Amino acid sequence: MLSVSSDRRSIYLKEEDYLFRTFFGDVTFTEGIHYWEIVADARTEHELKIGVSKSKQCDQRTAFCDYEFGWAFFGVGQLRHNSNAKGTSYGRVFKRQGVLGVFLNMNKGTLSFAIDGQYFGVAFEDEQLKSGPIYPAVSILHNAGCTLVSGRPPPFYFFE
């Protein structure tokens with residue numbers, strides 16, 4: 001069962017299956033600098049994959065970052081791009097608590113993340129991240145959820 005808050009900012013999935021389910025944001029990025037936060041849900045049992053996708057054309061029962069058009073931070077402390085199994089170590093565990101900051105700089109073609117104000121540096125640098133459309137995306141598994149916070153300015157450390 002999928003629960004979506006009335007303001008469409010919080011989602012929670014509770015099901016027996018162990019398949020990633022991908023959800024895309026309502027906003028499309030075509031240029032510029034974008035920042036948003038993902039607040040962890042204390043009920044979450046499995047780590048989320050959070051990032052961006054150049055396409056919404058993926059099997060909704062998979063993670064968007066399993067494909068060449070998706071880039072994500074996987075809450076086990078790894079990055080994912082074009083793979084459902086392999087990724088570079090990055091950051092730290094993000095699952096039941098905390099705030100994940102996501103910073104997309106389309107001017108430079110970079111995607112970066114921070115957890116609770118701890119910045120981990122540029123996660124991805126890719127020419128494909130310089131042009132849209134680009135969609136914010138999250139993939140959740142089994143019993144998991146999160147809340148989106150937008151409209152805040154990016155913290156200073158993303159510009160250093």
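These notes cover the structure that comes with them. As the structure is a computational prediction, the values presented were derived from the model and not from experiment.

1. Some points on the sheet that holds strand 10 (residues 118-125)
So, step 1. Taken together, the seven strands give an open sheet; going across it, the order is 1-2-12-4-8-9-10, and neighbouring strands pair in antiparallel fashion. One side of each edge strand has no neighbouring strand; the edge strands of this open sheet are strand 1 (2-4) and strand 10. Within the sheet, the average angular offset between the axes of one strand and its neighbour, ignoring direction, is 20°.
So, step 2. Across six bridges, strand 8 (residues 99-105) lies against strand 9 (residues 110-115) in antiparallel orientation. Following the sheet pairing, Asn105 is matched in strand 9 by Thr110.

2. Here's the deal with the sheet that holds strand 7 (residues 78-80)
Strands belonging to one sheet form pairs held by backbone hydrogen bonds; the direction of such a pair is parallel or antiparallel.
So, step 1. If you trace the five strands from one edge of the open sheet to the other, you get 3-11-5-6-7, paired in antiparallel fashion. Two strands lie at the open edges of the sheet, namely strand 3 (20-24) and strand 7, each paired on one side alone. Pairs of neighbouring strands in the sheet enclose a mean axial angle of 25°, with direction left out of account.
So, step 2. In this structure, strand 3 lies alongside strand 11 (residues 135-141), joined through five bridges in antiparallel fashion. Residue pairing across strands places Arg21 opposite Ile140, the latter belonging to strand 11.

3. Some points on the packing of aromatic side chains
Aromatic rings considered in pairs are described by the distance between their centres and by the relative angle of their planes.
So, step 1. What the rule picks out here adds up to 15 aromatic pairs.
So, step 2. An angle of 5° between the planes, with centres 5.1 Å apart, marks the rings of Tyr67 and Phe69 as stacked.
So, step 3. Here Tyr67 falls in the partly exposed class, since its relative accessible area comes to 25%.
So, step 4. Residue classification places Phe69 among the buried residues on the basis of a relative accessible area of 15%.
So, step 5. Their ring planes at 75° and their centres at 5.3 Å tell us that Phe103 and Phe159 sit as a pair that is edge-to-face. On the criterion of sequence distance, the pair formed by Phe103 in strand 8 and Phe159 in the segment after strand 12 (143-149) is long-range, its members being 56 residues apart.
So, step 6. By relative accessible area, Phe103 is classed as buried at 1%.

What counts, and at which threshold
- Each chain carries its own residue numbering, running from 1 in the written order of its sequence.
- Given that this is a predicted model, residues contribute local features only at a pLDDT of at least 70 and side-chain atom pairs are listed and counted only at 80 or more, while totals for whole chains, interfaces and linings are drawn from all residues.
- Hydrogen atoms and water are omitted, and side-chain values are computed over all heavy atoms in the structure.
- One requirement defines pairing of two strands: DSSP has to find at least two bridges between them.
- Only DSSP runs of H or I with at least four residues qualify as helices, and only runs of E with at least two residues qualify as strands; both kinds are numbered from the N terminus onward.
- Helix axes are fitted only over the stretch in contact, all axes being lines through C-alpha atoms; the angle between N-to-C directions runs from 0 to 180 degrees.
- Stacked, tilted and edge-to-face are the three classes assigned to paired rings of Phe, Tyr and Trp, where Trp is represented by its six-membered ring and a pair needs centres within 6.5 Å; plane angles under 30 degrees give stacked, over 60 edge-to-face, the rest tilted.
- To sort residues, take the accessible area from a 1.4 Å probe on protein chains only and compare it with the maximum for the residue type: under 20% means buried, over 50% means exposed, and anything in between is partly exposed.

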